[in-house]
Amino acid sequence: MFIQTLVTGLAIGGIYALMAVGYSLVFSILNFSNFAYGSIIMLGAYIGYYLLMEMGVPVYLAIGGSIAGAALLCLLNERLAYSTLRKRNAPSLYFMISAMGTSIFLENFVYATIGSRFYAFPEVLTQQNFSFGGVSIGMLDVFAIVFSFIAIYGLHYFLQNSRTGIAIRAASYDMQVSQLNGVNIARTIGWVFLLAGALAGISGMFLGMKYMVYPTMGWITNKAYIAAVIGGLGSLPGAVVGGLLLGVLETFVSAYVSSVVRDVFSFSLLVVLLLVLPTGLFGKFLEEKV
Amino acid sequence: MKMRWLVLVMLAILATVAAGCGTAGDDNVIKIGNAVALTGDNSTWGQAEKNALEMEIEKINAKGGVLGKKLQLVAYDTRADATEGVNVTKRLVSDKVAGIIGPGQSGVAIAMSSVAEPAKVPFIATSATNPKVTVDDKTNKVRKYAFRTCFIDPFQGTVAAQFAAKELKATTAAIVYDVGSDYSAWLGKYFTAEFEKQGGKIVANEAFRSGELDYRAILGKIKGTNPEVIFIPTMQKEAALVMKQAADLGIKTKFVGGDGWGSPDLLTLGGSAVEGSYFVNLASMDDPDIQNFIKEYQEKYKADPIMPNPVMAIDALYALVDAMNKTNSADPVKIAEQLEKTKDLPVLSGKLTIDPNTHDPLNKPAIIQEVKDGKFIFKSKFVTQ
C-alpha cells in the first residue's frame, strides 16, 4: 500500500507540477497570479474533447490542437485583460482582479453556451494498466508524468538557450532595464503567455482524460497555485518540486489519515511553510512592483 | 452628451421592467412555481423536470385549465445551491405563486423552508429524500408547508442494504460517501444500520469532500479490506469516478448506489467500469405505467426524460391541481391544508397518499436498477415494510 500510495501521489503531483509551472512562468514576469489560468486549462480540455469526439481527429492531433488552442486563448487573455493595465502601470492587485473577472467570465460563458454537462473521453485512452508487484498504475498516469517532464524540460531548454528565452529571463529580473536594452516587452510577454497557455492545453487534456471535462474543472488549479507557492513563485524547478511534493503529501494524508482533512492539511502546510520560508523552497525574494 | 444617452438607456430599461411588472398581476392565470436546478451538476435532471412540467401544464391548459384559469409555470434556477434556493423562493413568493414544485436536493429544500414557512407557501420537493426536508429535527414537528412525492432516505438505505445482503448475498461492505452532502452521509448511515441488522459487517467507511476528483487513495485503503460490496451513496459524477478508479486499481466487487446515480451521465462517465452495478431509484423508464408520458416527452423534446425528477414533478403538479380543485381556490394556505389530506390520488407513478404526520408519501415503491450493456435495466421492486 505504501508504494501504491507513492505512485498514485506522483501521478497526481505530475499534473500539479505542470500547472504550477504555467503559474510560475507568468508570475516571474508580471509578478501577479494569473487566476484565469484554470479557465484556460478548462477551455483546453474542451478543445481537445471537441477535436477528438466531434471532428474525429487522431489523439496526438487532438492534444496538439488543445495545446495550440489554449496557447492562443492565453495570449488573447493577456491582450484583452492585462495589456491595457500594463501600459498604464497599474499595480499588480488590479491584474489579479482582472484575472479573477476573466476566470468567472469564461466559466459562465461555457455554462451559457456549451452547458453544464460532463464529458468523458473514450475508454481506450484511459483503461490500460501496468501492474508490477501488486502496484498498479494507469498507462495515462505514466504518459502524463513522462509528457509533463518532457514539456517542462523543453520549456527550460527554451528559456536557457533561445533569444526569446533570454529576453524572458532578463525581463523577469527587471522589465524596465531590459526594455532599455532593446527587449521588446510586449512581444516577450506575449511569448510567456503562449508558453503558459501551451502547458495549460497539456494539463487540460490530461485532466480531462483522467477525470472528465466540465465547466468548473479549472478549480483544481487552486492546488497548482499552492504548489507554485510552496516551490517558490516564479521558480520553475520550484514549481515542479512543489507540485510533486503536494501531490504525494495529499495522497498520503488521504490514505493514512482521512481524505476529509486533506485540504486542511495542504493549506496548513502552505501557511507553515510561508512562516518559515516566506519565499517558498526555491524562491528568490521579490519585491512587489508598485 | 454621452451621459444623456446613458440616462435615456437606463430609463428605457426601467420602463421595460416596469411594463413587465404590470402584467404580473394577471387575474386569468394561476402561477405554479418551480424551484429547479437548471445549471450546475444537477442540471440534467432539472431541465428534464422543467420540460415535463411545461408539457403537462400545456395539456391541462388545453383542457380548460384549473378553476377556469390557465396555469403558468414560473421556473427559476437554484443551481442546486442552498443560498440560491432561498433567493428563488423569495422571488416565487413575491410572484404570488399558488405553490412551488421542487427542489430536488435535500440541502436546498431544508434551506427553502426558512422562507416558505413564514410566507405560508407550500413546496412539494421532487427528489429531496432526506427526512429533515419535511420534519424539523429540532422540534420533531412536521413542517406545515413542506411536502414531497419521493420516498425518504431511511427507506432507500434500507432497500439498498437488504438488496446487498439478500440478493447479492454480501456479508461485508465498504462505504464511500461525500461528507459535504447530507444526502450522502445519512444514506450511508441508514445503509449501515440495516446491513448490520442483516448480519453483515461494514469493513471500511471512507469519506471524501464534495468536488473530489481522485479517490485512489481511499480506494487503495478499501482494497486492503476486501469487501464484497461497495456502497456509494453519491451523485452520478462521483460514483462514476469512484468506480472507474476502482477498476484502475483492480478492485473487483459489486457496487451499489442510491437514486443520485440515475442519470445517463453515469454511463458516459463510467463506461465499462459501471457495468454490473446496482442502484435504488424512484422511477424507471421501463415502468409500464409511465410509457405514455415517456412517448409524449420523446416526441416533444426529441430526448429521453431523465428519471426520476420529471415523474416526481408531475406527481407534485397533480397533487397541487387536486388541492386547488378541492378547495376551489389558488390560495397557498388552503392548498397546503388540502395537500395534507391527499389520499389515493391517481398520479403518474401510481397512487399518492400523503402521510399527515410526516408529509411523506405512503407506500412509495423503490426500484432497483442494474447497469447492463450501457443501459439501466429494471431489476426488482421494493415496497416499504
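If you're wondering where the values come from, they're calculated on a predicted model, not measured in any experiment.

Thoughts on the interface of chain B and chain A
Here is step 1: Counting residues at the interface gives 31 residues for chain B and 29 residues for chain A.
Here is step 2: Between chain B and chain A, the buried area comes to about 2700 Å², and carbon and sulfur atoms account for 51% of it.
Here is step 3: Counting across the chain B and chain A interface gives 5 salt bridges.
Here is step 4: Note that Asp248 of chain B is salt-bridged to Lys210 of chain A, the shortest N-O span being 4.0 Å.
Here is step 5: Here chain B is connected to chain A by 7 residue pairs in polar contact (both at pLDDT 80 or more).
Here is step 6: Elements supplying a minimum of two residues to the side of chain B that touches chain A: helix H2 (43-62), strand E9 (201-208), helix H7 (216-225), helix H8 (236-248) and helix H9 (264-270) of chain B.
Here is step 7: Per-element accounting of the side of chain B that touches chain A gives the leading share, 7 residues, to H8 of chain B.
Here is step 8: Per-class residue counts for the side of chain B that touches chain A are 11 nonpolar, 10 polar and 10 charged.

Quick look at the pairing of strand E12 (residues 278-281) of chain B
Residues and elements named next belong to chain B.
Here is step 1: Here E12 shows a buried face lined by Tyr278 and Val280 and a second buried face lined by Phe279 and Asn281.
Here is step 2: Looking at chain direction, strand E11 (residues 254-257) and E12 are connected through 2 bridges and run parallel. Along E12, the bridge assignment pairs Gly257 with Phe279.
Here is step 3: Regarding the hand of the β-α-β motif, the stretch spanning E11, H9 and E12 is right-handed.
Here is step 4: Bridge count between E12 and strand E15 (residues 366-372): 4 bridges; the pairing is antiparallel. Counterpart to Asn281 in the pairing with E15 is Ile367.

Here we look at the domain arrangement of chain B
Residue and element names in this part refer to chain B.
Here is step 1: Each domain of chain B was delimited in the assignment, giving domain 1 (28-151 + 287-354) and domain 2 (154-281 + 367-382).
Here is step 2: With centres defined by C-alpha atoms, the gap from domain 1 to domain 2 works out at 29 Å.
Here is step 3: The interface is formed by 15 residues belonging to domain 1 together with 19 residues belonging to domain 2.
Here is step 4: Interface of domain 1 and domain 2: buried area, both sides summed, is about 1300 Å²; carbon and sulfur atoms make up 57% of it.
Here is step 5: Summed over the three residues of domain 1 that lose the most area to domain 2, namely Trp45, Thr129 and Phe151, the buried surface amounts to 38% of that side.
Here is step 6: One can count 0 salt bridges joining domain 1 with domain 2.
Here is step 7: At the boundary of domain 1 with domain 2, the tally comes to 1 residue pair in polar contact (both at pLDDT 80 or more).

Overview of the pattern of salt bridges
Residues and elements named next belong to chain A.
Here is step 1: This model, assessed by the stated rule, comprises 22 salt bridges over all chains.
Here is step 2: Among the ionic pairs, Asp263 bridges to Lys223, the shortest N-O distance being 3.1 Å. In this pair, Asp263 sits in helix H11 (residues 262-276) while Lys223 sits in helix H9 (residues 221-231), placing the two residues 40 residues apart along the sequence. The same class applies to Asp263 as to Lys223, namely buried.

Comments concerning the UniProt feature "domain: Leucine-binding protein" (unreviewed entry) in chain B
Here is step 1: The feature "domain: Leucine-binding protein" (unreviewed entry), as annotated in UniProt, sits at residues 30-374 of chain B in this numbering.
Here is step 2: Each end of residues 30-374 of chain B is marked by a C-alpha atom, and these two atoms are 42 Å apart; helix forms 42% of the span and strand 20%.

Let's talk about the confidence of the model for chain B
Residue and element names in this part refer to chain B.
Here is step 1: For chain B, mean pLDDT is 89; residues scoring 70 or higher make up 93% of the total.
Here is step 2: No element of chain B has a lower mean pLDDT than helix H1 (residues 2-22), at 59, and none a higher one than strand E10 (residues 229-232), at 97.
Here is step 3: In this model, residues 20-24 is a region of pLDDT below 50 whose contacts with residues beyond four sequence positions or in other chains number 1 contact.
Here is step 4: Taken over the whole predicted complex, pTM reads 0.80, whereas the ipTM for its chain interfaces reads 0.82.

Thoughts on the sheet that holds E9 of chain B
Residue and element names in this part refer to chain B.
Here is step 1: Sheet architecture is open: 7 strands sit in the order E9-E8-E10-E11-E12-E15-E16, paired in mixed fashion. At either margin of the open sheet sits one strand with a lone partner, and together these are E9 and strand E16 (375-382). Strand-to-strand, the axes of this sheet are offset by a mean angle of 25°, without reference to chain direction.
Here is step 2: Here helix H5 (residues 153-167) sits on the sheet in contact with E10, E11, E12, E15 and E16, set at roughly 95° to E16.
Here is step 3: Most of the contacts of H8 go to E10, to which it runs at about 155°, and overall it touches strand E8 (172-178), E9, E10 and E11.

Some thoughts on unusual backbone geometry
Residue and element names in this part refer to chain B.
Here is step 1: Of note, the bond from Gly102 into Pro103 is cis; its omega dihedral lies within 30 degrees of zero at 0°.
Here is step 2: The topology assignment puts Pro103 in the loop between strand E3 (99-101) and helix H4 (106-119).
Here is step 3: Of the consecutive residues Met307 and Pro308, the connecting peptide bond is found in the cis state with omega at 0°.
Here is step 4: Take Pro308: it is sitting in the loop between helix H10 (291-301) and helix H11 (309-327).
Here is step 5: Although it is not a glycine, Lys302 adopts a positive phi angle of roughly 55°.

Calculation criteria
Residues numbered from 1 in each chain as written. Chains lettered and ligands numbered in written order. Predicted model: local features only at pLDDT ≥ 70, side-chain atom pairs only at ≥ 80, totals over all residues. Heavy atoms only, no water. Contact = heavy atoms within 4.5 Å. Buried area = accessible area lost by both parts, 1.4 Å probe. Salt bridge = Lys/Arg side-chain N within 4 Å of Asp/Glu carboxyl O. Polar contact = N/O pair within 3.5 Å; in protein donor to acceptor, adjacent residues only side chain to side chain. Helix = DSSP H or I, 4+ residues; strand = E, 2+ residues; numbered from the N terminus. Nonpolar A, V, L, I, M, F, W, Y, C, P; charged D, E, K, R; others polar. Buried < 20%, exposed > 50% of the residue type's maximum accessible area, 1.4 Å probe, protein only. Pairing = 2+ DSSP bridges. Right-handed = clockwise from strand over helix to strand, strands pointing away. Domains from an automatic or database assignment. UniProt positions renumbered as here; feature names shortened; annotations may be inferred. pLDDT = per-residue confidence, 0-100. Axes fitted to C-alpha atoms, helices over the stretch in contact; angles between N-to-C directions.

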